[in-house]
Amino acid sequence: HTRRAGLRASFADGRTLDLSERGKALPLAFVSEAGSKQGWWFNADITRLDVFPLCPHADAIRAEERQRCALPPYRSPRAMPLPLRDDPLLAEVAAATGGAAGFAGSPSLYRRLMGGVEREAPR
């Protein structure tokens, strides 16, 4: 059994963007500057990030497997806030960077890629 999760971004103006539906990624980075100024960096218009379970059987060949997607917890998935800790472990930062093919750890690349998200969900 494979655990799959979707990511939903909520914006200040009330809109939401389900990143799992469109096959999009959210550029984010953990930025640490001199002193104690540090934190997760992503689009400033995003007020909340939620994760929710996706059905791992959706692409199954057999119909009875796909029917599992109509049952809880996939029928009405309950969203939970994405836990972005104020003091993440090195493994969490590395996972965010590696999971996003390296661009999450690079603020300059983040700025360039963030333009794509802003085109999709303009302010």
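Please read all numbers here as calculations on a predicted model, not as lab measurements.

Q: Honestly, the overall build of the protein chain in this entry has me stumped. Any pointers?
A: Within the protein chain, the regular secondary structure consists of 4 helices and 6 strands. If you list the helices and strands of the protein chain from N to C, you get β-β-α-β-β-β-α-β-α-α. For the protein chain, the share of sequence-separated contacts (at least 6 apart) that also reach a separation of at least 24 residues comes to 64%. For the protein chain, the exposed surface amounts to about 8400 Å²; the carbon and sulfur share of it is 53%.

Q: So what exactly am I meant to see when it comes to the nonpolar core here?
A: Grouped burial of nonpolar side chains is what soluble globular proteins tend to show. By size, the foremost hydrophobic cluster in this structure holds 7 residues: Ala9, Phe11, Leu17, Leu19, Leu26, Ile46 and Leu49. Those elements that place two or more of their residues in this core are strand S1 (4-11) and strand S5 (46-54).

Q: How should I be thinking about the state of the cysteines in this particular structure?
A: As used here, a disulfide is simply a covalent bond connecting the sulfur atoms of two cysteines. Enumeration according to the criterion identifies 1 disulfide in this entry. The side chain of Cys55 participates in a disulfide bridge whose partner is Cys69; the two sulfur atoms lie 2.0 Å from each other. In this structure, the disulfide formed by Cys55 and Cys69 twists by about -80° around the S-S bond and is classed as left-handed. Placement of the pair is Cys55 in the loop between S5 and helix H2 (63-66) and Cys69 in the loop between H2 and strand S6 (80-81), with a sequence separation of 14 residues. A relative accessible area of 10% places Cys55 in the buried class. Overall, the relative accessible area of 19% leaves Cys69 in the buried class.

Q: What is the right way to read the pattern of salt bridges from this model?
A: If you walk through the whole model with that rule in mind, you get 3 salt bridges. In this structure, Asp50 and Arg48 form a salt bridge, with 2.8 Å as the shortest nitrogen-oxygen distance. The exposure class of Asp50 is buried, given its relative accessible area of 6%. The partner of Glu65 in a salt bridge is Arg62, and the shortest N-O contact between them spans 3.1 Å.

The rules behind these values
Residues take numbers from 1 onward in each chain, read along the sequence in its written order. Given that the model is predicted, a residue must reach a pLDDT of at least 70 before its local features are reported, and side-chain atom pairs must reach 80 or more before they are shown or counted; all residues, however, enter totals for whole chains, interfaces and linings. Side-chain figures throughout are based on the complete set of non-hydrogen atoms in the structure, without hydrogens or water. Under the DSSP-based scheme used, a helix requires at least four consecutive residues in state H or I and a strand at least two consecutive residues in state E, with every element numbered from the N terminus. Here, two residues are considered to be in contact whenever any of their heavy atoms come within 4.5 Å of each other. All accessibility values rest on the Shrake-Rupley procedure with a 1.4 Å probe; residue burial counts only the protein chains present in the view. The set of buried Ala, Val, Leu, Ile, Met, Phe, Trp, Tyr and Cys residues whose side-chain atoms join them within 4.5 Å is what this entry labels a nonpolar core. We call a residue buried when its accessible area falls under 20% of the maximum for its residue type, exposed when it is over 50%, and partly exposed in between, using a 1.4 Å probe and counting protein chains only. The rule for a disulfide is simple: a pair of cysteine sulfur atoms within 2.5 Å. Any carboxyl oxygen of Asp or Glu within 4 Å of a side-chain nitrogen of Lys or Arg constitutes a salt bridge here.

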